[in-house]
Amino acid sequence: MYGFSKVPHAIGAFAFALAVVAAPAHAQVKVEKPWVRGAVPGQLATGAFLDITSVKDAALVKAESPVAATVEVHAMEMKNNLMTMREVPKIDLPAGKQVRLAPGGFHIMLMDLKQPVKNGETVPIRLTIEYADKKRETIDVKAPVRGLGTSQEHQHKH
């Protein structure tokens, strides 16, 4: 026999299922270990680095930050025995594969800094992700500033 006592459980289960379906899309993308290299007074640019993993095929197509007038997605590569850096239209994020944005490779350039970013501060960065179906979403990241010449990995070694 089903009494009214079962109804709240069914409603609760339905509400939970609805909440899972309506969960924010950013659950599709995980950002880990974000950091920004510190800048000295007069330095007009610095880099932001992070690890990013998407549940489904996607691409990082844009980055923005209030600390810089210009923010670009960049790649560094060796070309004719010379390290070159250039803006790229996107960084592919294959489903389930972690993509590392790190010094010497893909990274986010913060240019025309409005003020130096100092060790211990946090830099807000907004990432725009585009999926295969052309739908886009933004992810807000808070990246701690690390001292010049340091990286996230160095911060954790003792």
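For the structure itself, look to the data block above.
Thresholds, definitions, all that
- Residues numbered from 1 in each chain as written.
- Predicted model: local features only at pLDDT ≥ 70, side-chain atom pairs only at ≥ 80, totals over all residues.
- Heavy atoms only, no water.
- Helix = DSSP H or I, 4+ residues; strand = E, 2+ residues; numbered from the N terminus.
- Buried < 20%, exposed > 50% of the residue type's maximum accessible area, 1.4 Å probe, protein only.
- Contact = heavy atoms within 4.5 Å.
- Areas by Shrake-Rupley, 256 points an atom, 1.4 Å probe, with all protein chains shown as cover.
- Salt bridge = Lys/Arg side-chain N within 4 Å of Asp/Glu carboxyl O.
- Pairing = 2+ DSSP bridges.
- Polar contact = N/O pair within 3.5 Å; in protein donor to acceptor, adjacent residues only side chain to side chain.

A.B. asks: I tried to follow the overall build of the protein chain on my own but got confused; where do I start?
C.D. replies: From N to C terminus, the protein chain includes two helices and 10 strands. Start at the N end of the protein chain and walk to the C end: the helices and strands fall as α-β-β-β-β-β-β-β-β-β-β-α. A burial count over the protein chain gives 35% of its 158 residues as buried. At a minimum sequence separation of 6, the contacts of the protein chain that also span at least 24 residues come to 69%. Surface summary for the protein chain: the accessible area is close to 9900 Å², and the carbon and sulfur share equals 59%.

A.B. asks: Can you walk me through the pattern of salt bridges in this structure?
C.D. replies: Oppositely charged side chains can form a pair if their charged atoms are brought close together. Counting across every chain of the model gives eight salt bridges. Glutamate 77 is the partner of arginine 86 in a salt bridge, and the nearest nitrogen-oxygen pair spans 3.2 Å. Notably, a salt bridge pairs lysine 90 with aspartate 92, separated by 3.3 Å at the nearest N-O pair. Exposure remark for aspartate 92: the relative accessible area of 48% places this residue in the partly exposed category. One network of salt bridges, with partners in common, ties together Lys33, Asp51 and Arg100.

A.B. asks: What exactly am I supposed to notice about the pairing of strand β8 (residues 107-113) here?
C.D. replies: The buried fraction of β8 amounts to six of the seven residues, a majority that puts the element mostly inside the structure. As paired elements, strand β2 (residues 45-54) and β8 share four bridges and run antiparallel to each other. Bridging from a neighbouring strand, threonine 46 pairs with leucine 110 of β8. Two strands pair when backbone bridges link them, and strand β4 (residues 68-79) and β8 are joined in this way by six bridges, in the antiparallel orientation. Residue threonine 70 lies in a different strand from β8, and its bridge partner there is methionine 111.

A.B. asks: Teacher, can you tell me more about the environment of histidine 74 here?
C.D. replies: Turning to its location among the elements, histidine 74 is positioned in strand β4. In this structure the C-alpha to C-alpha distance between histidine 74 and glycine 47, which are 27 residues apart in sequence, comes to 9.4 Å. What histidine 74 contacts, discounting residues up to four positions off in sequence, is Met85, Arg86, Glu87, Val88, Gly105, Phe106, His107, Met109 and Met111. Reaching out from histidine 74, the side chain makes a polar contact with the side chain of glutamate 72 at a distance of 2.7 Å.

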